[in-house]
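Survey of secondary and tertiary structure
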Amino acid sequence: MNQDFTVTPWDVSGKIDYKKLIEEFGTEPIDNDLLDRWQCLTGSVPFAMRRKIFFSHRDLKWVLDRYEAGEKFVLYTGRGPSGHTHLGHLMPWMFTKYLQDAFDAPLYFQMTDDEKFMYKPELAQKEAMSYAYENALDVIALGFDPKKTRIFSDYEYSKTLYRIATEVAKKITFSTAKAVFGFDNSTNIGMIFFTAMQSAPAFLPSVEAGKNIPVLIPQAIDQDPHFRVTRDIAPKLGYYKPAAMHCTFLPGLGGSDKMSASKPEMTIYTIDDPKTARKKILSAFTGGRTSIQEQKEQGGVPSICAVFQYYYYLFEMDQEKLDQREQKCLKGEIMCGECKQDLADRVVSFLEKHQENREKAKDKIEDFIVSDYSATYDKLKRPQDKKEVAKLKKTMKEYCSVKDGDRISIEKCKNFK
Ligand code: TYM
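None of these values were measured; they are calculated from a predicted model.

What counts and what doesn't
Residues numbered from 1 in each chain as written. Predicted model: local features only at pLDDT ≥ 70, side-chain atom pairs only at ≥ 80, totals over all residues. Heavy atoms only, no water. Helix = DSSP H or I, 4+ residues; strand = E, 2+ residues; numbered from the N terminus. Buried < 20%, exposed > 50% of the residue type's maximum accessible area, 1.4 Å probe, protein only. Contact = heavy atoms within 4.5 Å. Areas by Shrake-Rupley, 256 points an atom, 1.4 Å probe, with all protein chains shown as cover. Near = heavy atom within 4 Å. Polar contact = N/O pair within 3.5 Å; in protein donor to acceptor, adjacent residues only side chain to side chain. Nonpolar A, V, L, I, M, F, W, Y, C, P; charged D, E, K, R; others polar. Pairing = 2+ DSSP bridges. Expected span 1.5 Å × (residues − 1). Arc of directions from axis to C-beta. Axes fitted to C-alpha atoms, helices over the stretch in contact; angles between N-to-C directions. Phe/Tyr/Trp six-rings, centres within 6.5 Å; stacked < 30°, edge-to-face > 60°. Parallel < 35°, antiparallel > 145°, perpendicular 65-115°, else oblique.

**Quick word on the overall build of the protein**
- Helices and strands together make up the secondary structure of the protein, namely 18 helices and nine strands.
- Taking all 417 residues of the protein together, the buried fraction comes to 52%.
- Taking all contacts inside the protein whose residues are at least 6 apart in sequence as the whole, residues at least 24 apart take part in 77%.
- Surface exposure of the protein reaches about 19100 Å², of which carbon and sulfur atoms provide 51%.

Now the structure itself:
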């Protein structure tokens, strides 16, 4: 790994050179030819691809070939629930929602509560499970189709996943795990096994269908090491290699590095109230000069400005308007205060809408969550008639009211702070 930056599933730091990362990880860039093909196939190219926020892939061309030959693919992505969702997490999920709509694709969404419990010394099992519930609300709030989306947590779905995970684990040596993830003798053995759990959903559609199904995994590039291993062993198990699309990281409000829960004051959470979000944005790092006079004379530096990055990544989809903003900044025609206020307005209005949808998601959650412990097992064929729904709700209620076992108590989660 390059010395100037680190990108692993558990540590992202330094100034990331994404071009170098493509070389180091051995992925392929999403180039203009691929964008042209995308345009042809879907009729448009989303801004996240045009701006190369989604910049890298594995076997995307192959997935598109199969799609064009009439073989539909399944989407798979996930979350390690160790805290509340922030705007960075939403990026790959929003893109996944776009993919679901554009390709009419089912989505398997994994909550790796086991991973976070094993990785974080201070995190209790029930806390991780509670965050799985909280984070699922954010996923649902983005508008995924309940008939085509199943969300599951490893603790709740391990019976389904475990057989596949052990197939995978049997093909991965400790020496591979050490080389790929940097484990050493002090790593707990749960973490050494864990990658097998993250691999399992990539093969689940094929196991369920009884034939190979192409799978596409949208993710930020930090998750790629898991799927490099998954792809290596896939042919040994007779499965297709899962394809991937990788995005860059939404930076924190402090500027250069990834938005991360380790810096809460630089991170906007989906549950932040307007006042808190506004305050964080107003104290963001900018590319502004030391005085208004200087800024007017020399212009600002958008390339290092966190506020500009937020427009670029999420809050200004119109390319012409983004370019105008950049030019105005470079020419000293707009001051940082105004730019921040405008961003704060956009972020607050996004959060208000999202929080409203998040509230509504509480009533929809049983349409999405699947678990080995409930009758909601086969969710791709969701019961639509009232009798079935009532039965389902009763099962969920019983399931949610389990108090002291290892199972998640959703009632408790709702109150969890
Ligand atoms: P986690 O919880 O670290 O992150 C969830 C998803 O968000 C991406 N991500 C970001 N994207 C843009 N900007 C950021 N600042 C940022 N921070 C995180 C992550 O790459 C991820 O896509 N082990 C996984 C959960 C998982 C998963 C998967 C992820 C299970 N199966 C399949 C992707 C695909 C994890 O802890 O993600």
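**Here we look at the site of the ligand**
- The environment of the ligand is formed by 26 residues, the closest being Arg-79, Gly-80, Glu-115, Gln-198 and Asp-222.
- Note that an oxygen atom of the ligand is positioned 3.5 Å from one of the side-chain N or O atoms of Lys-116.
- Side-chain polar atom of Asp-222 to an oxygen atom of the ligand: 2.6 Å apart, as the coordinates give it.
- Protein coverage of the free-state accessible area of the ligand, which is 690 Å², stands at 98%.
- Elements represented by at least two residues in the shell around the ligand include exactly strand E5 (74-79), helix H5 (87-103), helix H6 (113-119) and strand E8 (215-220).
- Each residue belonging to the shell around the ligand can be placed in one class, and the counts come to nine nonpolar, 12 polar and five charged.

**Some thoughts on the pairing of strand E7 (residues 149-153)**
- A large share of E7 lies buried, amounting to five of its five residues.
- Side chains Thr-149, Ile-151 and Ser-153 project from E7 onto one buried face, and the interleaved Arg-150 and Phe-152 project onto a second face that is buried too.
- In this structure, strand E6 (residues 107-111) lies alongside E7, joined through five bridges in parallel fashion. Of the residues in E7, the one forming a bridge with Phe-109 is Ile-151.

**A closer look at the pairing of strand E1 (residues 5-8)**
- Where E1 lies against strand E2 (residues 11-14), four bridges are found, and the strand directions are antiparallel. The residue of E2 that forms the bridge with Thr-6 is Ser-13.

**Details of the side chain of Thr-112**
- Along the chain, the position of Thr-112 falls in the loop between E6 and H6.
- Leaving out residues up to four positions away in the same chain, Thr-112 has contacts with Arg-79, Gly-80, Pro-81, Asp-154, Phe-194 and Gln-198.

**A closer look at H5**
- Helix length check: H5 (17 residues) gives 24 Å between terminal C-alpha atoms against 24 Å at 1.5 Å per residue, within 8%.
- The buried count for H5 comes to 13 of 17 residues, which makes it a mostly enclosed element.
- Remark: Asp-104 follows H5 within two positions and exhibits a positive phi of approximately 55°.

**Some thoughts on unusual backbone geometry**
- We note that Lys-52 has phi near 60°; this positive angle belongs to a residue other than glycine.
- By the element assignment, Lys-52 lies in the loop between helix H3 (47-50) and strand E4 (54-58).
- Of the residues examined, Lys-52 reaches a relative accessible area of 31% and is grouped as partly exposed.
- You will see that Asp-59, though not glycine, has its phi angle at about 60°, which is positive.
- By the element assignment, Asp-59 lies in the loop between E4 and helix H4 (60-68).
- Take Asp-59: its relative accessible area is 25%, and that puts it in the partly exposed class.

**Description of helix H1 (residues 18-25)**
- Three or more residues of H1 are buried, namely Tyr-18, Leu-21, Ile-22 and Phe-25. For H1, the arc enclosing every buried residue in end-on projection is 105°, short of the 170-degree limit, so these residues lie on one face. Exposed and oriented more than 90 degrees from the buried face of H1 are Lys-19 and Glu-23.
- If you follow the buried residues of H1, they end up packed against E1, strand E3 (28-29), E4 and helix H11 (224-237).
- Two or three places before Lys-19, at the start of H1, stands the capping residue Asp-17, its side-chain oxygen 3.1 Å from that residue's backbone nitrogen.

**Quick word on the side chain of His-354**
- Following the sequence through the fold, His-354 ends up in helix H16 (residues 336-364).
- Those residues in contact with His-354, other than ones at most four positions away along the chain, are Leu-90, Asp-138, Ala-141, Leu-142 and Thr-270.

**Re the sheet that holds E6**
- Judged by pairing direction, the sheet is mixed, and its seven strands sit side by side in the order E3-E4-E9-E8-E5-E6-E7 without closing on themselves. Bordering the open sheet on either side are E3 and E7, each of which pairs with just one other strand.
- Of the strands in this sheet, E5, E6, E7 and E8 touch helix H10 (residues 189-209), which is tilted by about 150° from E6.

**So, the environment of Asp-363**
- Checked against the element boundaries, Asp-363 lands in helix H16.
- Residue class for Asp-363 comes out exposed when judged on its relative accessible area of 63%.
- Along the chain, Asp-363 and Leu-137 lie 226 residues apart, while their C-alpha atoms are 9.8 Å from each other.

**As for the packing of aromatic side chains**
- All chains considered together, the criterion is met by 20 aromatic pairs.
- Note on Tyr-18 and Phe-55: the rings are 5.1 Å apart at their centroids and 70° apart in plane angle, and the pair reads as edge-to-face. Pair noted here: Tyr-18 is in helix H1 and Phe-55 is in strand E4, with a separation of 37 residues, a long-range link.
- With centroids separated by 5.1 Å and ring planes inclined at 50°, the aromatic side chains of Phe-73 and Phe-103 adopt a geometry described as tilted. Here Phe-73, found in the loop between H4 and E5, pairs with Phe-103, found in helix H5; they are 30 residues apart in sequence, far enough to count as distant.

**Considering the packing of helix H14 (residues 306-315) against helix H15 (residues 319-330)**
- As a packed pair, H14 and H15 sit with axes 10 Å apart at the nearest point and diverge in direction by 170°. Here H15 runs roughly antiparallel to H14, going by the angle between their axes. Contact residues: H14 offers Phe-308, Tyr-311 and Tyr-312, while H15 offers Leu-322, Arg-325 and Glu-326.
- Looking at the contact of H14 with H15 residue by residue, the classes come out as four nonpolar, no polar and two charged.

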